[in-house]
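Structural characterization, general
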Amino acid sequence: MTMKSWVETLAKDALAVIALGSCAAFGGIPAANPNPTQCRSVGEVLQAEGINTPLVNVPGCPPHPDWFVGTVVTILLAGLPRPEDLDEHRRPKAFYGQTIHENCPRRAYYDENKFAKKFGDPGCNYELGCRGPITHADCPLRLWNSKVNWCVGCGATCIGCTEPGFFDIAPLYEKTSEAALPEEV
Amino acid sequence: MGKIVIDPVSRIEGHLKVEAVVDDGKVKEVKSAGMLFRGLELIMKGRDPRDAQRITQRICGVCPTSHSTAAALNLDSAFGIADKIPDNGRIIRNLILGAAHIADHILHFYHLVALDYVDVAALAKYEGNNPALNSLKNFVARGELGPFVPRYEGDYRLPGEANEQTVAHYVAAFDMRRKGQEMLALFGGKMPHNMGVMPGGVTSVPTVDNITSFLWRLKELQEFIDNVYLPDVLAVAGVYSDYFEIGRGCGNLLAYGSYELDGKEADLTKRKRFFKPGITYTDLRFSEFDPVRITEEVKHSWYADSISGRHPSQGDVVTDEEKKGAYSWLKSPRYGGTVFEVGPLARIMVNYVGGNSRVKSLVDSTLAQVNLKPKAMFSVMGRNLARALETKLVADAMVDWVLQLKPGEAAYTSYEPPEESAGMGLVGAARGALGHWIQIKEGKIANYQVITPSTWNISPRDDKNQPGPLEEAITGTKIKDEANPFEIVRIVRSFDPCLACSVHVLSHKGHDLGKFRVC
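This is a predicted model, so every value here is computed, not measured. (Residues numbered from 1 in each chain as written. Chains lettered and ligands numbered in written order. Predicted model: local features only at pLDDT ≥ 70, side-chain atom pairs only at ≥ 80, totals over all residues. Heavy atoms only, no water.)

**Some words on the overall build of chain B**
- The secondary structure content of chain B amounts to 14 helices and 15 strands.
- The buried share among the 519 residues of chain B stands at 64%.
- Summing over all exposed atoms, chain B offers an accessible surface of approximately 17,500 Å²; the carbon and sulfur share of this is 50%.
- When the 62 basic and 63 acidic side-chain charges of chain B are each reduced to a single mean position, those positions are 1 Å apart. (Helix = DSSP H or I, 4+ residues; strand = E, 2+ residues; numbered from the N terminus. Buried < 20%, exposed > 50% of the residue type's maximum accessible area, 1.4 Å probe, protein only. Areas by Shrake-Rupley, 256 points an atom, 1.4 Å probe, with all protein chains shown as cover. Lys, Arg positive; Asp, Glu negative; His and termini not counted. Charge placed at Lys NZ, Arg CZ, Asp CG, Glu CD.)

**What to know about the overall build of chain A**
- When helices and strands are tallied, chain A shows eight helices and two strands.
- What you see for chain A is a C-alpha radius of gyration of 18 Å, in line with the 16 Å of a compact globule of 185 residues.
- Principal-axis analysis of the C-alpha atoms gives chain A an extent of 55 × 40 × 30 Å.
- Sorting the 185 residues of chain A into buried and exposed places 49% on the buried side. (Rg over C-alpha atoms; globule rule 2.2 N^0.38 Å.)

**Some remarks on the interface of chain A and chain B**
- Taken together, the contact between chain A and chain B spans 31 residues of the former and 39 residues of the latter.
- Taken together, the two surfaces of chain A and chain B that pack against each other cover about 3,100 Å², and 67% of this comes from carbon and sulfur.
- Inspection of the region where chain A meets chain B yields one salt bridge. (Contact = heavy atoms within 4.5 Å. Buried area = accessible area lost by both parts, 1.4 Å probe. Salt bridge = Lys/Arg side-chain N within 4 Å of Asp/Glu carboxyl O.)

**Some remarks on the pairing of strand β2 (residues 55–58) of chain A**
Residues and elements named next belong to chain A.
- Residues Leu55 and Asn57 of β2 are buried on one face, and the alternating residues Val56 and Val58, pointing to the opposite face, are buried as well.
- Across four bridges, strand β1 (residues 17–20) lies against β2 in parallel orientation. Residue Val17 lies in a different strand from β2, and its bridge partner there is Leu55. (Pairing = 2+ DSSP bridges.)

**Looking at a nonpolar patch on the surface**
All names here are of chain A.
- Judged by side-chain polarity, Leu20, Phe68, Val69, Val73, Leu76 and Leu77 come together as a nonpolar surface patch covering roughly 590 Å² of accessible area.
- Ranked by the residues each element gives to the nonpolar patch, the list is headed by helix α4 (residues 65–78), at five residues.
- Tracing the backbone shows Leu77 in helix α4.
- Overall, Leu77 belongs to the exposed group, its relative accessible area being 74%. (Patch = residues over 30% accessible without salt bridge, like charges linked within 9 Å, V, L, I, M, F, W, Y side chains within 5 Å.)

**Notes on the sheet that holds strand β2 (residues 16–23) of chain B**
All names here are of chain B.
- Reading across from one edge, β1-β2-β3 is the order of the three strands in this open sheet, with antiparallel pairing throughout. Across the chains shown, the open sheet's two edge strands, defined by having one partner strand only, are β1 (2–6) and β3 (26–34). Across the sheet, the axes of successive neighbouring strands diverge by a mean angle of 15 degrees, strand direction being ignored.
- One ladder, built from eight bridges, connects β2 with β3; its direction is antiparallel. Bridging from a neighbouring strand, Lys17 pairs with Ala33 of β3.
- Along the sheet face, helix α13 (residues 486–494) touches β1 and β2 and points at about 140 degrees away from the line of β2. (Axes fitted to C-alpha atoms, helices over the stretch in contact; angles between N-to-C directions.)

**Side note on the packing of helix α6 (residues 160–188) of chain B against helix α7 (residues 208–239) of chain B**
Residues and elements named next belong to chain B.
- Close contact between α6 and α7 brings their axes to 9 Å; oriented N to C, the two are set at 155 degrees. Looking at the two axes, α6 sits roughly antiparallel to α7. Classified by chirality, the crossing of α7 by α6 is left-handed. Residue-level inspection shows Thr166, His169, Ala172, Ala173, Met176, Lys179, Gly180, Glu182, Met183, Leu186 and Phe187 of α6 in contact with α7, the latter providing Asn210, Ile211, Ser213, Phe214, Trp216, Arg217, Leu218, Glu220, Leu221, Phe224, Val228 and Asp232.
- Of the residues belonging to the contact of α6 with α7, the class tally is 13 nonpolar, five polar and five charged. (Parallel < 35°, antiparallel > 145°, perpendicular 65-115°, else oblique. Left-handed = near helix turned anticlockwise from the far one by under 90°. Nonpolar A, V, L, I, M, F, W, Y, C, P; charged D, E, K, R; others polar.)

**What about unusual backbone geometry?**
- Looking along the chain, the bond that leaves Cys61(A) and enters Pro62(A) is cis, with omega of 0 degrees.
- Inspection of the secondary structure puts Pro62(A) in the loop between β2 and α4.
- A positive phi angle, near 70 degrees, is found at Tyr259(B), a position not held by glycine.
- Along the chain, Tyr259(B) turns up in strand β7 (residues 258–260).

**What about the environment of Leu403(B)?**
- Within the secondary structure, Leu403(B) sits in helix α10 (residues 380–403).
- Here the alpha-carbon distance between Leu403(B) and Pro467(B), two residues 64 residues apart in the chain, equals 46 Å.

**Quick notes on the sheet that holds strand β6 (residues 252–255) of chain B**
Residues and elements named next belong to chain B.
- With respect to topology, three strands assemble into an open sheet ordered β6-β9-β10, the strand pairing being antiparallel. Every other strand in the sheet has two partners, leaving β6 and β10 (286–287) as the edge strands with one partner each.
- With four bridges joining them, β6 and strand β9 (residues 278–281) adopt antiparallel strand pairing. For Asn252, the partnering residue across the bridge sits in β9 and is Tyr281.
- Each of β6, β9 and β10 is contacted by helix α8 (residues 344–353), which is oriented at about 90 degrees to β6, the strand it contacts most.

**Here we look at the packing of aromatic side chains**
Residues and elements named next belong to chain A.
- What the rule picks out here adds up to 34 aromatic pairs over all chains.
- Taking 6.1 Å as the distance between ring centres and 50 degrees as the angle between the ring planes, the aromatic pair formed by Phe115 and Tyr126 counts as tilted. In this pair, Phe115 sits in the loop between α7 (107–111) and α8 (139–142) while Tyr126 sits in the loop between α7 and α8, placing the two residues eleven residues apart along the sequence.
- Judged by relative accessible area, which is 4%, Tyr126 ranks as buried. (Phe/Tyr/Trp six-rings, centres within 6.5 Å; stacked < 30°, edge-to-face > 60°.)

**Re the pattern of salt bridges**
- A full pass over the atoms with the stated rule returns 48 salt bridges over all chains.
- Note that Arg82(A) and Glu84(A) form a salt bridge whose closest N and O atoms lie 3.8 Å from each other.
- Residue class for Arg82(A) comes out partly exposed when judged on its relative accessible area of 48%.
- Residue Glu84(A) is classed as partly exposed on the basis of its relative accessible area of 47%.
- Shared partners join several salt bridges into a network, and the residues in it are Asp175(B), Arg178(B), Lys179(B), Glu182(B), Arg217(B) and Glu220(B).

**A few points about helix α4 (residues 87–113) of chain B**
Residues and elements named next belong to chain B.
- End to end, α4 covers 37 Å across 27 residues, agreeing with the expected 39 Å (1.5 Å per residue, within 8%).
- Along α4, the sharpest kink reaches roughly 30 degrees, centred on Leu107.
- Across the 27 residues of α4, 26 count as buried, placing the element largely inside the fold. (Expected span 1.5 Å × (residues − 1). Bend = angle between axes of the 7 residues up to and from the residue.)

**A look at the pairing of strand β12 (residues 332–335) of chain B**
Residue and element names in this part refer to chain B.
- On β12, burial covers both faces: Ser332 and Arg334 on one face and Pro333 and Tyr335 on the other are all buried.
- Sheet analysis places strand β11 (residues 294–297) next to β12, joined by four bridges and oriented antiparallel. Paired with Glu296 across the strands is Pro333, a residue of β12.

Right, dumping it as structure tokens:
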């Protein structure tokens, strides 16, 4: 049985489908250019096959366990998400409602134009390619691995792993163009 | 004559199929096959070389850390900065890799392998007051056997109390793995897919706080390794001592070496490493390792014959799904045309015969406890034991390494990526020798090739029809009960196969997999 037929068989009669991880939600790395195996997201397969089961995307590479458990528990307790509970990419706003940049502990550096010139420097990592301003997730508040750290916490950039096509947006260490930034950065 | 097909083999990472032809109670012929293709090497082409470190980690969520290390070493060498990594950067990379390895080996023994030897169902009769065991007992009583079935029946030999204790440790081991991953995240940001390891060093800086937070967790893990993990492996080895004679394999062992002890030597094969690179055989002689002699063959893989026999620096991915005689998406890596097994067993034995006194004394003292000679290590139980010994060696060494960090000093060096260059990154991943090779042209990736440990171990027959290490290890094995082929799955899991790693290229057509027996 191919994975595509598994998705079709199981999704048809399901209450809802949760596409967990950036591959399931958006195609992820296997679907990155040139997409050698013609990989598609779960949403694309459902649409192509005319399956109308409600879909919730929980992307991330990897997705945070809390995002998945939180999504399942919310559905069990409150029922299927209302349209206003999901963003344009069908992500629960409870976890993906704000950008990394809005809650980043290095935000003050950005506001004061203090930018790190190399890894390990104090300062905002925007010029090193950080995608915090265009990436939706609550990592700076939730943290990872029993809350010990997160990507920017270890001095690295956010690589935008919860966004569609994150490996094809641009090279990861290229400064995000100012044109791509949201209005209120 | 009958055929045993196990597909997919569970309690491993990825999708592995094993087909064994059994004649008169003995395995006559084996085919091991990787059943998934993603094409990651094709996705790498034309990208910024620095992105290789982030993309290759995504080959696998179990051992992304090893890929991040191999990619960073590969890019260091291509960028001409392999001898310029600051000591803090070199040491933090060792700590990130070491934390991943000890968490991974604990995972392998307790959560993947132990269930072949430990009878969780026996807990139905448990009458003690261990909360973890009572919770599992209730779990079993409710019929929620999820992680423990399917399984084979008839050969669980641990006596009652030892069995219960090992099951209790199965639960405790989850907590230990979590702590190991926290250690990794302290310097690497998160696990899976750490963000800290970069060409040039690491992004994190050592602080009194992250050193202390790392060290107390490491001390807890050391206690678990010394007082629980190693004794449990030895207890299982004692009761199942026949498995020191089962699954010997090809008898040729290859290790790339790992954990950098010298930041000033650019050449990975000459650099002082905690585990040295090399080769050994069942006769226990040591030979030097030369990466030039590695090739990948594809006669029995779904790839075009025109790419067979190449060195990975010249490697390519050209699929041929209709190829006659092919049965796997894995290629067959060979060294000097010969079949080699990689993994913790190879690292331990290469260092045992290669003059590493720390390794020699630990192996000798451990084998003395079970009354065995070093040759017994070439076996199912030897592989499991080597993994435990390696866990101890790495955990103990990390205590020294973390205290060598110097807060306030650099852990990263800047560089200018070159327009034209080539690189190689070799590291000992949890499952064995991992190599990355890159060619850079006009500032972009012209070619990127990865050979993972499971590609070595689970490889199909090569151009000379020599079976791969796992196939060789299963061939000739006596099967006591064909309906419950414990011997086969115990051999398979002793290699700790990771198939997501090995085939980085999903067949959209699917293949006829024959009879299904999920175990």
